[in-house]
Amino acid sequence: MPGLRDGARPGIRIRVGRSRGDAARTCGALAASRMSSSDTHPLRISVDCMGGDHGPAITLPACRAFLASHPEAELLLVGRSEDLAPAVGWPRCTIVPATEVVTMDDPIEVALRRKKHSSMRVAISQLRERHGHPATAQACVSAGNTGALMAVARYLLRTLDGIDRPAIATVMPNERDRFTTVLDLGANVDCTAEHLLQFAVMGSALVAAVEGREDPSVGLLNIGEEAIKGSETIKKAGELLREAARQGKLNFHGNVEGNDIFKGTTDIVVCDGFVGNVALKTAEGLASMLSNFIKQEFTRTLYARVVALVALPVLKHFKARVDHRRYNGAALLGLRGLVFKSHGSADAFAFEQALNRAYDAARNRLLERVHDRILETLQALPSVTTDAQPPRDNVAEAA
């Protein structure tokens, strides 16, 4: 796996598996094929209807609501035919049968090797070109097992040249009435410093493409702002990010703490998947608890209920701002296809938001724009070799 020599400060470099010309041609062909597909076919999203804690009981109502608000969109509903029977005859919907389901506790090996006809795998496969024909869908949404989703997507779609591991990125609200993009949120529990550098590059590409900020600021999540704090991996990642900033390839702010996510100190916060997932779930739980506390206090007495009526518009606005369901739908960055992960426990409203995010990403050609930005940045960082032995690729072995 590509890496950096320990202590290599000047000339941070990322080694790609192919020559730069080959990488450019590969991404150029990918962009051309995707653009051709979207130009000649309606925009379609493939949906893993069986994924998540609730399956079709949630995904089907969400799909119906999405279709009602997007008259130009089409959906490919993937799952067991008997479970998708209520959707038969829906306009702009095609049922794609799948005989198996990846459960929320299935190991990666089971999802890859044993369940080759699962709804998750079939849904993701709709993003692949076949025998020169364009992909059937331009984006995929699933609420299924995160590890399995990442592994299957990586196996079927492959990663972009220069990217070792894809990362899950989503937005979280901050005090500045804007959003902070955080990655990784659970795809990679154990990360090297080089992986964190790649996450920073991908996050910068995402924010630049979606929000139009060409030079978004990047913060490295740590236990303190000082460069001497943190694990050895975090310290090394800080060195790599500072060197990339000195070369003008990233706008690295420095170390940030957990509260900086909500202060909006930086546009992007980079961390490993274990820390990111804990931070996300903690924020969701806190927002839910605060909403419940406010509801309890405003219903405690008759006087409180009267006051609540007066404050109702403010309360509704507050609830909307902290409602984590509105931010559901995380992008799997670094793949050769648009895959979005919904929260496994999402209700119909939250799953619809994930569909909205996938649709907006496909409509705005996020795939091409992010890939172009990543390629440009990685090419600008000259490469070095590494003496370390690459770790075994569990995804390839399991498949």
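Keep in mind it's a predicted model, so treat the numbers as computed, not measured. (Residues numbered from 1 in each chain as written. Predicted model: local features only at pLDDT ≥ 70, side-chain atom pairs only at ≥ 80, totals over all residues. Heavy atoms only, no water.)

Undergrad: Explain the packing of helix α6 (residues 193-211) against helix α7 (residues 232-246) here, please?
TA: To characterise two packed helices, one gives the angle between the axes of the helices and the distance between these axes. Direction vectors running N to C along α6 and α7 enclose 45°, while the axes themselves pass 8 Å from each other. By the criterion of interaxial angle, the relationship of α6 to α7 is oblique. The interaxial crossing formed by α6 with α7 has right-handed handedness. Between α6, through A193, E194, L196, L197 and A200, and α7, the contact on the second element is made entirely by T233, I234, K236, A237, L240, L241 and A244. Per-class residue counts for the contact of α6 with α7 are nine nonpolar, one polar and two charged. (Axes fitted to C-alpha atoms, helices over the stretch in contact; angles between N-to-C directions. Helix = DSSP H or I, 4+ residues; strand = E, 2+ residues; numbered from the N terminus. Parallel < 35°, antiparallel > 145°, perpendicular 65-115°, else oblique. Left-handed = near helix turned anticlockwise from the far one by under 90°. Contact = heavy atoms within 4.5 Å. Nonpolar A, V, L, I, M, F, W, Y, C, P; charged D, E, K, R; others polar.)

Undergrad: What is the right way to read the pattern of salt bridges from this model?
TA: Any two side chains of opposite charge can pair, given that their charged atoms come close. Counted under the stated rule, the structure contains 14 salt bridges. For the salt bridge of K229 with E226, the shortest nitrogen-to-oxygen distance reads 3.3 Å. Each of R178, R213 and D267 takes part in salt bridges that share partners, so that together they form one network. (Salt bridge = Lys/Arg side-chain N within 4 Å of Asp/Glu carboxyl O.)

Undergrad: Whenever I open this one, the confidence of the model for the chain confuses me. Can you help?
TA: Low pLDDT means the predicted atomic positions in that stretch should not be read closely. Chain-level statistics for the chain give a pLDDT mean of 83 and a share of 84% at 70 or above. Confidence drops under pLDDT 50 across residues 31-40; counting only partners more than four residues distant or on other chains, this segment forms 15 contacts. Under a pLDDT of 50 for its full length, residues 384-399 has, in the predicted model, 30 contacts with residues more than four places off or in other chains. (pLDDT = per-residue confidence, 0-100.)

Undergrad: Sorry if this is basic, but what is going on with the packing of aromatic side chains here?
TA: The geometry of two aromatic rings is summed up by the distance between their centres and the angle between their planes. Scanning the model with the defined rule gives two aromatic pairs in all. An angle of 70° between the planes, with centres 5.9 Å apart, marks the rings of F66 and Y359 as edge-to-face. Here F66 is found in helix α2 (residues 56-69), whereas its partner Y359 is found in helix α11 (residues 348-363), with 293 residues between them in sequence. Taking the relative accessible area as the measure of exposure, Y359 reaches 4% and is therefore buried. Geometrically, the ring pair formed by F179 and Y327 is edge-to-face, given 5.7 Å between the ring centres and 65° between the ring planes. Here F179 is found in strand β6 (residues 179-183), whereas its partner Y327 is found in the loop between α10 (302-322) and β10 (330-333), with 148 residues between them in sequence. Residue F179 is classed as partly exposed on the basis of its relative accessible area of 34%. Of the residues examined, Y327 reaches a relative accessible area of 10% and is grouped as buried. (Phe/Tyr/Trp six-rings, centres within 6.5 Å; stacked < 30°, edge-to-face > 60°. Buried < 20%, exposed > 50% of the residue type's maximum accessible area, 1.4 Å probe, protein only.)

Undergrad: Would you take a moment to explain the sheet that holds strand β8 (residues 251-256) for this structure?
TA: Remark on secondary structure: sheet strands pair via backbone hydrogen bonds, oriented parallel or antiparallel. Read across the open sheet, the eleven strands follow the order β3-β2-β1-β4-β11-β10-β5-β6-β9-β7-β8; overall the sheet is mixed. Two strands bound the open sheet, and with one partner strand each, they are β3 (93-97) and β8. Mean inter-strand twist for the sheet, computed between neighbouring axes without regard to direction, equals 25°. Bridge count between strand β1 (residues 44-48) and strand β2 (residues 74-79): five bridges; the pairing is parallel. (Pairing = 2+ DSSP bridges.)

Undergrad: Looking at this structure, I do not really get the state of the cysteines. What am I missing?
TA: Structurally, a disulfide amounts to a covalent bond that connects the sulfur atoms of two cysteines. Counted under the stated rule, the structure contains zero disulfides. There is no disulfide at C271, and the cysteine sulfur nearest it, in C191, is 8.5 Å away. A relative accessible area of 3% means that C271 is categorised as buried. (Disulfide = S-S within 2.5 Å.)

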